[in-house]
Every structure is written in structure tokens, then in C-alpha cells.
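Tertiary structure, described
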Amino acid sequence: MGDKIENEKENEQFCYAPWHSLYVDPSGPYRVCCNNWESIGSPSEGKTFEEIFNGGKAKEIRQTFLSGALPISCKSCFLNESNSFKSLRQYFSESLVSKPKQSEYDHSARKEDLQKLDLCLSNKCNLACEYCNSGTSTQWIKKEKQLKTVDQKFYENFWSQTPGVYHQDFENINQIFNFSNNLDHIEFKGGEPLLYKGHAELLRQLQSKAPSILLTYFTNGTVYNQEIVDLWQSFKHIDLYFSIDAVDPLFSYIRDGNYDLKEDVETNIFKYHKSHPSMGISIHNTISAYNILNIDEFVNWWLPLHEKFGFRLSLGIVNNPDIMSLRVLTPELKEIAIQKISNLKLNENNVYHRKIIELKETVRNTKFDPKLAKLFIYHTKQSEKEKEMDFLNLSPEFNHLWNELA
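Residues numbered from 1 in each chain as written. Predicted model: local features only at pLDDT ≥ 70, side-chain atom pairs only at ≥ 80, totals over all residues. Heavy atoms only, no water.

Our next topic: unusual backbone geometry. Trans peptide bonds make up most of the peptide bonds, and negative phi angles are found at most residues other than glycine. Omega for the bond connecting G190 with G191 falls within 30 degrees of zero, at 5°, which places this linkage in the cis form. Residue placement: G191 occurs in the loop between β4 (185-189) and α9 (199-205). In this chain, N320 is followed by P321 through a cis amide linkage whose omega measures 5°. The residue P321 is located in the loop between β8 (312-317) and α14 (331-342) in this model. Despite not being glycine, S84 shows a phi value in the positive range, around 70°. Judged by its relative accessible area of 34%, S84 is partly exposed. (Helix = DSSP H or I, 4+ residues; strand = E, 2+ residues; numbered from the N terminus. Buried < 20%, exposed > 50% of the residue type's maximum accessible area, 1.4 Å probe, protein only.)

Another point: the packing of α14 against helix α15 (residues 353-365). Packing of α14 against α15 leaves a shortest axis separation of 9 Å and a crossing angle of 170°. Overall, the two elements α14 and α15 adopt an arrangement that is roughly antiparallel. Touching K334, A337, I338, I341 and S342 of α14 are I356, L359, K360, V363 and R364, all from α15. Considered class by class, the residues forming the contact of α14 with α15 number six nonpolar, one polar and three charged. (Axes fitted to C-alpha atoms, helices over the stretch in contact; angles between N-to-C directions. Parallel < 35°, antiparallel > 145°, perpendicular 65-115°, else oblique. Contact = heavy atoms within 4.5 Å. Nonpolar A, V, L, I, M, F, W, Y, C, P; charged D, E, K, R; others polar.)

Once that is clear, we can look at the environment of I357. Assignment of secondary structure puts I357 in helix α15. In this structure I357 comes out as partly exposed when scored by relative accessible area, which is 23%. Each C-alpha atom of the pair I357 and N343 lies 11 Å from the other, and the pair is 14 residues apart in sequence.

All chains considered together, the criterion is met by 22 salt bridges. R312 is the salt-bridge partner of D239, the closest N and O atoms lying 3.1 Å from each other. Separated by 73 residues along the polypeptide, D239 in strand β6 (residues 237-243) and R312 in strand β8 bring together distant segments of the chain. For D239, a relative accessible area of 10% puts it in the buried group. Under the relative-accessibility criterion, R312 is labelled partly exposed at 27%. Put simply, E397 and K340 hold a salt bridge, and the shortest N to O gap is 3.2 Å. Of this pair, E397 sits in the loop between α17 (391-394) and α18 (399-405) while K340 sits in helix α14, and the two are 57 residues apart along the sequence. Each of K116, D118, E187 and K189 takes part in a single network of salt bridges with overlapping partners. (Salt bridge = Lys/Arg side-chain N within 4 Å of Asp/Glu carboxyl O.)

Before going further, it helps to examine the sheet that holds strand β7 (residues 280-287). Taken in spatial order, the eight strands of this open sheet run β2-β1-β3-β4-β5-β6-β7-β8, and their pairing is mixed. Looking along the sheet, the strands with just one partner apiece sit at the ends: β2 (30-31) and β8. Here strand β5 (residues 214-219) runs beside β6; their pairing, made up of six bridges, is parallel. Bridge pairing links Y217 to L240 in β6. (Pairing = 2+ DSSP bridges.)

Here is the structure:
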């Protein structure tokens, strides 16, 4: 057994995820959560799931938290927290129904500890969103290859993975299911999870455990799958997060110009809502340099859906790739964003008012990095060579950044 926490004082930066959750990457590696970039092992190395979950790297991450230090691979959460934005670490801690005192943990994890699975079963996707890559979207494979022919050195550093089509083997996933006797939450991401061919079969295999399992999906909303909807009926609860980062025409730009928000996504949102009225529906916006100045248009689109149908608001922040993060915003652009957020007409009693305030503080606290801003401009210009849309036409406030740094 490893060393336990030496005193009873609770560490405010302690994270429970390394004991209670697992992220499965479509290319093979397992990680303690989706925000932690360090692999704890892979079935391709000939290891069983138990050998991975209680292997040397997993224990090392746990022991780092037990010692009161912070794993460097967890910097994304702590970056968000330093900028006044609620992190995945904080959400996870709040979501655990019951957890021991920190002093009762050691560097090993038991079968009953694993409660949440974050499954990215395949990188198959029908979109090539601007901040994505081939590791999580097959539509990016061709695009990455094209960009690397333009600037091999820059884009080799930008994307480290080898472009390819990835999917997890059923046998590996079944090992995880068989190991855990306390699993109560499975989160599906992608790629686009509703395009994964084996998804229905996986849900069938879970039917005996279904009444105690919450299923959460992050979907781009362009796919409606009736077979999956029918299988959901057996599960404890369904939460759908529709990834929508802006309204048109910026929505189409970020989605690589192939889809229309109203015709291709809103229609499916209402079909899912009608087919399963008790499911939770959230609109998830991943905030980046591309869409922060259009946050007012987005919130004003979402708010009537919330008031009429109860659709929730979920916000994330792009930290990686850092050239698309809020760190590319000049002080002038930050002030424009802060003013637009301040002008939003959200009642202070609205449960999402706090989220908007957090976002404003995050923008205010994020430091401008001119080097990243130059790279943001460079990448945007390269990416637009394959598009029929111009970012500056959609967000003309960025013209001064282009003029000063391009």
C-alpha cells in the first residue's frame, strides 16, 4: 500500500478522479480523466485492465495528490481555476455521491472505487471543428495532411498523433465493465459517439446494469439514431450535451462550413427531446478565441430554449491548442468581450448567471500572449485556404490584431 495523507487537513486542490474515473482514448491509451494528458497504460501493451488501473503510472499520479503536490499533467484544470473558471476537477468532486476522507486514500484503487467511465470509442466524426484534430475526428485526417505539407515543422509540433482511424476493441471495454462493481456513470464522447457502429451492441451488453447507470453524451447534434434512443429506455437517466459554439454563420465556420445550425442541429435536438422528454438536454459551448466575441449572440439564442424547454447551459474553455485560447486576446479585445458579457440580460436569480460571471472573470484574468496571437493568425490563414469563409468578416473586431501582428 502507498503512503496515505499524513494529516487530517483536507487539501483543497485534491482530485478524486484518479481513483474514481477513467478516460478511454480512441487510439488506445487510458488516462485518469479527459483533461489529464498522460497515459497510464494501454491494452496494446499486453496489460490487463487491472494492471493498468493499478499500474505504476496511475499510482504515481495518485501519490502526487496524496503528497499535496500537483501532477504536471493536470495543469489544464488548475489553469482554469487560476483564471476563475470552474474546472473539471471541481465538477468531479461535487458529482461524487459519497467519498471517503482524503486521509483514507492510498495510491491503489479498488473495484468499488471506479464509478465513472469516460469512453471515446472511436474518432469517427462527420465534422472538422476548428479546435479539433485527427485524434478525435476522422474528418481532420485529410486536413492535417494538407496543413503539414504547407508547414511540416509547425504542424508536427501542433499535432503529435499519427493521423488514422481509431476505435476501441469490445474485449477491452468488457474488461473494464467486469472489473468495476460500482459503475454508475458512463460518458460518451468522440469522434461523434452516435456514429460508432458498435454503440448499440455495447448498450445491449449493459442492460443488466442499466437501471443504475447514468449515460451522458457529448454530441455535435447532426445525427439522430432511433435504435440508440430505444435502448436508452432501460437506463437510469440520459443527459445529452449538444456541442454548439456559436450561431450561424460563425457556427458553420467553426464546424468547417458543412452544417447549418437550424436545419441540421436544432431539428435533431427537438427530435431527441420529444422522443425522451425526461432526458436532460444541455447546450455546450467551448469558448475559444474564435467565438468569445460572439458570446452575446449565442446566449441570446440559447435563453429562449432554456425558458421554454428547460435546456441547460454548459461552458468549457479551450486551453489546448493554446493558439486558439483566450490568451490570444489583446487588452482591447478582452474589453470588448467583457462588455458583451456584461450586457447580457440574465436575471441574477437565473441559475446560469454565476456561469456568465465566471466567464467574465476568466476573460479578465487571462494574460495576453503576443507570440500565441501571431500563431493564431498564422494558423487561421492556413486553415482558411480550404474554406470559403473569412474569420475577419465574421469577427471584424480582430482586424486590428491582424494589422498589428500579421
